[in-house]
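# Structure at a glance
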Amino acid sequence: TFHIDIQIGSSYPFEPPRMKFLTKVYHPNVSSASGAICLDVLKDQWSPALTLKTALLSCQALLAAPEPSDPQDAVVAEVYTKNRAEFDRTAKAWTEKYATKTQVDPVVGELTEMGFTESDVLKALTKCGGDKTKALEVLLGGA
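Cut-off values and rules
Residues numbered from 1 in each chain as written. Predicted model: local features only at pLDDT ≥ 70, side-chain atom pairs only at ≥ 80, totals over all residues. Heavy atoms only, no water. Helix = DSSP H or I, 4+ residues; strand = E, 2+ residues; numbered from the N terminus. Contact = heavy atoms within 4.5 Å. Areas by Shrake-Rupley, 256 points an atom, 1.4 Å probe, with all protein chains shown as cover. Lys, Arg positive; Asp, Glu negative; His and termini not counted. Charge placed at Lys NZ, Arg CZ, Asp CG, Glu CD. Patch = residues over 30% accessible without salt bridge, like charges linked within 9 Å, V, L, I, M, F, W, Y side chains within 5 Å. Salt bridge = Lys/Arg side-chain N within 4 Å of Asp/Glu carboxyl O. Phe/Tyr/Trp six-rings, centres within 6.5 Å; stacked < 30°, edge-to-face > 60°. Buried < 20%, exposed > 50% of the residue type's maximum accessible area, 1.4 Å probe, protein only. Lys NZ or Arg CZ within 6 Å of the ring centre and 35° of its normal. Axes fitted to C-alpha atoms, helices over the stretch in contact; angles between N-to-C directions. Parallel < 35°, antiparallel > 145°, perpendicular 65-115°, else oblique. Left-handed = near helix turned anticlockwise from the far one by under 90°. Nonpolar A, V, L, I, M, F, W, Y, C, P; charged D, E, K, R; others polar. Expected span 1.5 Å × (residues − 1). Arc of directions from axis to C-beta.

## Side note on the overall build of the chain
Counting secondary structure elements, the chain contains six helices and two strands. Reading the helices (α) and strands (β) of the chain from amino to carboxyl end gives β-β-α-α-α-α-α-α. For the C-alpha atoms alone, the extent of the chain along its principal axes is close to 50 × 35 × 20 Å. Put simply, of all contacts in the chain between residues at least 6 apart along the chain, 52% involve residues at least 24 apart. Of the roughly 8600 Å² of accessible surface on the chain, a fraction of 54% belongs to carbon and sulfur atoms. Between the centroid of the 15 positive side chains of the chain and the centroid of its 18 negative side chains there is a distance of 3 Å.

Below, the structure written as structure tokens:
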């Protein structure tokens, strides 16, 4: 299970949704540090005719078919092109470690580790449109 944060701006569908992986992914087109995704349909190839479903299917296809010539993470891209066996081992290890079926959404996990119940965290995130900072303010009684 890979979690993706999707932010839809007020100009959608005329601008693409902002998407990033919350789950750590070892992939040339995904930032190991931030989860940013290098994908043309999320940038210059976006069209108002495209949908969230199309964007998510494009992310799924990207995971299966990396584009190391247009990387988001140059270090991972270099490993991919120069030592495919090492890349495959590391990608498998990261997937097993970070994308398990029992994985909790990273934002939910982070907030529950602070001592809040999962139920309260989910209510706060729903109220705040998924914004972690605002949800934390709600949980702390500030909003």
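From this point on, the discussion continues.
## Section: a negative patch on the surface
On the surface, Asp40, Asp44, Glu67 and Asp70 cluster together to form a negatively charged patch. With respect to the element layout, Asp70 can be found in the loop between helix H1 (52-64) and helix H2 (74-82).

## Description of the environment of Leu139
Looking at the element boundaries, Leu139 is found in helix H6 (residues 132-139). Expressed as a C-alpha distance, the spacing of Leu139 and Lys123, which sit 16 residues apart in the sequence, is 9.3 Å. When neighbours within four sequence positions are excluded, Leu139 is seen to be in contact with Leu111, Phe116, Asp120, Val121 and Ala124.

## Looking at the packing of aromatic side chains
A complete count under the given rule lists six aromatic pairs for this structure. Aromatic pair Tyr12 and Trp46: ring centres 6.0 Å apart, planes at 40°, arrangement tilted. Taken as a pair, Tyr12 in the loop between strand E1 (4-7) and strand E2 (18-21) and Trp46 in the loop between E2 and H1 lie far apart in primary sequence, 34 residues in all. Overall, the relative accessible area of 11% leaves Trp46 in the buried class. One aromatic cluster is present, formed by Tyr26, Tyr80, Phe87, Trp94 and Tyr98 through successive ring pairs. Over the ring of Tyr98 we find Lys24, and its NZ or CZ is 5.7 Å from the ring centre.

## Some remarks on the packing of helix H5 (residues 118-127) against H6
Axis separation between H5 and H6 bottoms out at 8 Å; the angle between their running directions is 125°. For the element pair H5 / H6, the angle class is oblique. Taken as a pair, H5 and H6 cross one another with a handedness that is right-handed. Seen from H5, the contacting residues are Asp120, Val121, Ala124, Leu125 and Lys127; seen from H6, they are Lys132, Ala135, Val138 and Leu139. Among the residues making up the contact of H5 with H6, the classes are represented as six nonpolar, no polar and three charged.

## Quick look at helix H3 (residues 84-98)
Quick reminder: α-helices carry 3.6 residues per turn. Residues three or four places apart thus point the same way. If you check H3, its first and last C-alpha atoms are 21 Å apart, about what 15 residues at 1.5 Å a residue would give, namely 21 Å. Phe87, Ala91 and Trp94 are the residues of H3 that are buried. The arc that holds every buried residue of H3, seen down its axis, measures 65°, which confines them to one face. Exposed residues on H3 whose side chains face more than 90 degrees from its buried face are Arg89, Lys92, Glu96 and Lys97. Taken together, the buried residues of H3 touch H2.

Functional significance is not addressed by these values, which are geometric in nature.
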